[in-house]
Every structure is written in structure tokens, then in C-alpha cells.
Amino acid sequence: MAQSFKFDLVSPERLLVSQDVESVVIPGTEGEMTVMATHAPTMTSIKPGVVAVAADGKTERYVVFGGFADILPDSCTVLAESAVHVDDINREDLARRIQDAREDLEDAKDHETRLRAEEFLHQLTTLEGAILPA
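None of these values were measured; they are calculated from a predicted model. All residue numbers here refer to positions counted from 1 along the written sequence of the relevant chain. The predicted nature of this model means local features are confined to residues of pLDDT at least 70 and side-chain atom pairs, given and counted, to a pLDDT of 80 or more, with totals for whole chains, interfaces and linings taken over all residues. Processing note: side-chain calculations cover all non-hydrogen atoms of the structure and skip hydrogens and water entirely.

**Brief notes about the UniProt feature "domain: ATP synthase F1 complex delta/epsilon subunit N-terminal" (unreviewed entry) in the protein**
Okay, step 1: UniProt positions are given in the numbering used here, feature names are shortened, and annotations may be inferred rather than shown by experiment. In the UniProt entry, the feature "domain: ATP synthase F1 complex delta/epsilon subunit N-terminal" (unreviewed entry) is given for residues 5–83.
Okay, step 2: Taken end to end, residues 5–83 is 0% helix and 72% strand, and its two terminal C-alpha atoms sit 21 Å from one another. Each helix is a run of H or I in the DSSP string that is no shorter than four residues. Each strand is a run of E no shorter than two, and both are numbered from the N terminus.

**Here we look at the pairing of strand S4 (residues 31–36)**
Okay, step 1: Judged from the 6 bridges that link them, strand S3 (residues 23–28) and S4 form a sheet pairing that is antiparallel. Along S4, the bridge assignment pairs Ile26 with Met33.
Okay, step 2: Two strands are said to pair when DSSP picks up at least two bridges between them. Once S3 ends, the chain turns through 2 residues before running back antiparallel as S4.

**Describing the nonpolar core**
Okay, step 1: Phe7, Leu9, Ile26, Cys76 and Val78 are the most contacted members of the largest nonpolar core, which totals 23 residues.
Okay, step 2: Looking at this core, the elements that each hand over two or more residues are strand S1 (5–10), strand S2 (15–21), S3, S4, strand S6 (49–55), strand S7 (58–64), strand S8 (67–72) and strand S9 (75–80).
Okay, step 3: Contact criterion: two residues are considered in contact whenever any of their non-hydrogen atoms come within 4.5 Å of each other. Non-local contacts of Leu9, meaning those with residues more than four positions away in its chain, are made with Arg14, Leu15, Leu16, Val17, Tyr62, Val64, Val78 and Ala80.
Okay, step 4: By nonpolar core we mean a set of buried residues, namely Ala, Val, Leu, Ile, Met, Phe, Trp, Tyr and Cys, connected to one another through side-chain atoms within 4.5 Å. Between buried and exposed lies partly exposed: a residue is buried under 20% and exposed over 50% of the maximum accessible area for its type, with that area taken using a 1.4 Å probe on protein chains only. In this structure, Ala101, Leu124, Leu127 and Ile131 belong to the second largest nonpolar core, which totals 15 residues.

Structure (C-alpha cells):
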């Protein structure tokens with residue numbers, strides 16, 4: 001049995017998870033990472049994606065739209081800009097976010113802004129394909 005550690009998933013609206021877990025998969029901006037007990041201290045930004053939380057033989061999935069993760073050997077805290085359980089994802093909200101990202105891309109005035117907008121739109125559409133059935 002894997003060693004457990006304290007995990008908290010917090011959004012501006014509420015505390016979604018606060019429990020001992022065996023592992024957490026985080027969509028870091030530099031790549032997906034799995035956190036387990038005794039992980040090296042790390043702080044990373046997260047991109048829109050799915051946080052998978054494994055505890056008691058079950059895995060729960062939460063959609064996050066950016067934020068930060070603070071990882072210590074005995075705990076992990078994800079401070080998400082927005083977060084919701086995968087089962088509670090609102091198709092209209094996701095479609096609105098994608099439309100907003102498309103508009104931001106169209107309105108981009110310089111190369112750097114355009115690149116950031118393209119990346120964000122790509123992340124959102126990838127997320128949409130990963131969590132919503134066709």
C-alpha cells in the first residue's frame with residue numbers, strides 16, 4: 001500500500017478536496033506530473049486540465065482552469081483559478097471559455113499575445129476532447 005499524504009484542492013469559491021491521498025496527477029505547465037508522498041519540494045503553475053486524485057482504491061477527477069501547486073514531502077496544495085468535479089462540468093461554461101479564447105486570439109495585437117492565446121485555446125480544446133463524450 002502506498003504511503004499517504006495530505007492533499008487540498010482549493011478554488012476561489014470553495015475547498016473541493018481535503019484528505020489523505022496516495023497520489024495526485026497535476027497538469028503542470030511544463031508537463032503532467034504525479035505527486036506521491038515524500039515528493040521533493042516543488043512549486044509549479046498549472047494549465048487547464050484534469051487533476052486526478054487517488055485515495056482508498058478510487059480515483060476522483062477534477063477539471064481545473066489554471067492556478068498553482070505547492071508540493072512538500074508530506075502535503076500538496078493546488079490553488080486553482082477555477083475547479084469542478086469532472087461529473088459536474090458544465091458544457092456551456094466550457095464552450096463559453098473556448099469562444100472567449102478564440103476571440104482573444106482574433107484580437108491579439110502582437111506575436112507574444114497571439115502565441116499565449118493559441119496555447120490557451122489549444123489547452124481548452126484538448127481538455128474538452130478529454131473529458132466530454134462526443
